[in-house]
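Okay, here's what each chain looks like letter by letter:
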Amino acid sequence: MTTLTTQVAIIGGGPSGLLLSQLLNRAGIETVILERSTRAHVLSRIRAGILEWGTVELLQVAGVDARMQREGIPHDGCYMTDDERMVHIDFLELTGKRVMVYGQTEVTADLYAAQDAMGTTVLHEVSDVEILDLDQPRSAVEFTHEGTRKRLECLYVAGCDGFHGVSRKTIPEHKRQEFERVYPFGWLGILSETPPVNDELIYSNSRHGFALASMRNSNLVRYYVQVSLTDKVEDWSDQRFWDEFSRRIPSDAAGRLITGPSIEKSIAPLRSFVSEPLRWGNLFLVGDAAHIVPPTGAKGLNLAASDVYYLHEALIEALSGRGTAGIDAYSEKALSRIWKAMRFSWQMTLMLHRFDDEDAFAAQMRRATLDHLAHSETARRDLAENYIGLPF
Ligand code: FAD
Ligand code: DHB
């Protein structure tokens, strides 16, 4: 068996794995990334679009912010609407901070380019990953790559392999506690080369269900509608999407909506999920490997970034011989921020979606929540503070 060695083995070449690797490499720590898919596949997945300012700053620290600074669009606020009112949440005025519109695909592409420039080993299309000896001073990851079984010896393993990865499942079941909420709907998202319907995002809680108007640039939009869990992408022609989307957004926005062919269309189910703890011996879980949020609060990618922030500092401390206090505290520290983002994402999901089996009371609660937002600066500030991201 071919044997490789490194300091930190990183499983998963999505945003978590790449950003962690980049930050560690810049501190002089060696990493090897093992990714199940091809690079083209990783870069073809259309996902998050909103970066908290803390994420923007972390990308800056990682030295991967040049294109984002040029092409990203800072947003100072967004709108929360229903069929009766449109509430502006002015992030900048309420918190002094803003968010950045810059797609996860672009962040990932920038990170791959930086890792290439750094000469990091990133092995794609690896399979049958097995994590071994997590309770020993040296651990190992065995995997199949280019038809041969290989062994990567390391000091630490970062499990950055998403919800369906192997890392979380390496922790014995009786040592894990899982918390989950599955929501009875999904989001159908499209990308279309058309100008945005509004200069800021619109989160709309209409009587026909939720819709979100987001964007990537001045001629590329990302729009979503809440759909039934049984719906398939094939059920949604472009025409059906545009008809549904335009009746769910405020009428003046619908009046200026420019439609066009979709260039991507996909359905994502919504769930909240946390697995505790995030550490098992020399293994540390990061990002979607440990937790999933419904996309309503735009927190998935940003939570991955805050996990990476805590873990990279802790690993640098441990690997430079300054002790294990950071890695010992990682799980607790990261989970405390994760649970607050869980709460916010859950609350936003309840506030903005129509549930199939709901009663009239639920709809009144949503109306009252929006009404309260419209009239209380305190309520708007609370929303803004969570949306722009709690401090790391
Ligand atoms: P991932 O991006 O899942 O990366 C994990 C990587 O590990 C993948 O490249 C995978 O191929 C690889 N991998 C998996 N198993 C193995 C294995 N056994 N061995 C080696 N490699 C492996 N967030 C938002 O904020 N807004 C959104 O609109 C939004 N939309 C989303 C839509 C979908 C369909 C999904 C799945 C997520 C969405 N998210 C969204 C969440 C956000 O994209 C994630 O939080 C983010 O991708 C987390 O990054 P990650 O690197 O932790 O995990
Ligand atoms: C986008 C996705 C989200 O989940 C969200 O809350 C805001 C924007 C997006 O894809 O642009």
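Higher on the page you've got the structure.
Residues numbered from 1 in each chain as written. Chains lettered and ligands numbered in written order. Predicted model: local features only at pLDDT ≥ 70, side-chain atom pairs only at ≥ 80, totals over all residues. Heavy atoms only, no water.

Colleague: Before we move on, can you summarise the pattern of salt bridges with the specific residues and values?
Modeller: Where charged atoms of side chains with opposite charge meet at close range, the side chains can pair. This structure, assessed with the given rule, holds 27 salt bridges. A salt bridge links Arg168 to Glu178, with the shortest nitrogen-to-oxygen separation between them at 3.7 Å. Residue Arg168 is located in helix H7 (residues 167-170), and its partner Glu178 is located in strand S14 (residues 177-192); the two are separated by 10 residues in the primary sequence. You can call Arg168 buried: its relative accessible area is 5%. (Salt bridge = Lys/Arg side-chain N within 4 Å of Asp/Glu carboxyl O. Helix = DSSP H or I, 4+ residues; strand = E, 2+ residues; numbered from the N terminus. Buried < 20%, exposed > 50% of the residue type's maximum accessible area, 1.4 Å probe, protein only.)

Colleague: Go over the environment of Arg248 with me, naming the residues and quoting the values.
Modeller: By the secondary structure assignment, Arg248 is in helix H8 (residues 238-248). For the pair Arg248 and Ala211, spaced 37 residues apart in sequence, the C-alpha separation works out to 6.0 Å. Residues in contact with Arg248, not counting those within four places in the same chain, are Ser204, Ser206, His208, Gly209, Phe210, Ala211, Val225 and Gln226. (Contact = heavy atoms within 4.5 Å.)

Colleague: Give me the lowdown on the sheet that holds strand S7 (residues 86-90), citing residues and values where you can.
Modeller: Taken together, the eight strands give an open sheet; going across it, the order is S7-S6-S15-S16-S17-S14-S18-S21, and neighbouring strands pair in mixed fashion. Of all the strands in the sheet, just S7 and strand S21 (291-292) have a single pairing partner and so form its edges. Relative to S21, strand S18 (residues 262-276) runs antiparallel, the two sharing two bridges. In the strand pairing of S21, Phe273 is matched with Ile292. Across the sheet, helix H12 (residues 360-375) lies against strand S6 (77-82), S7 and strand S15 (201-206), angled at about 140 degrees from S6, the strand it touches most. Those strands touched by helix H13 (residues 377-387) are S6, S7 and S15, and its axis lies near 60 degrees from that of S7. (Pairing = 2+ DSSP bridges. Axes fitted to C-alpha atoms, helices over the stretch in contact; angles between N-to-C directions.)

Colleague: Pulling in residues and values, what's your account of empty space enclosed by the protein?
Modeller: Inspection of every chain in the model, using the stated rule, returns four cavities of 30 Å³ or more. Put simply, the largest cavity is a space of about 70 Å³. Along its surface, the largest cavity is lined by Pro15, Ser16, Leu19, Leu51, Thr55, Leu59, Val107, Leu111, Leu301, Ala304, Ala305 and Val308. Of all the secondary-structure elements, those providing two or more residues to the lining of the largest cavity are helix H1 (15-26), helix H3 (53-61), helix H6 (104-118) and helix H10 (300-319). Here the residues of the lining of the largest cavity sort into 10 nonpolar, two polar and no charged. Of the pockets and cavities examined, the second largest cavity occupies roughly 50 Å³. Lining the second largest cavity we find Pro15, Val42, Arg45, Arg47, Gln104, Thr105 and Thr108. The leading source of residues in the lining of the second largest cavity is H6, at three residues. (1 Å grid on protein atoms, 1.4 Å probe; cavity = no way out; pocket = protein on both sides within 12 Å on 5 of 7 lines; lining within 4 Å. Points joined across faces, edges and corners; volume = space filled by probe spheres on them. Nonpolar A, V, L, I, M, F, W, Y, C, P; charged D, E, K, R; others polar.)

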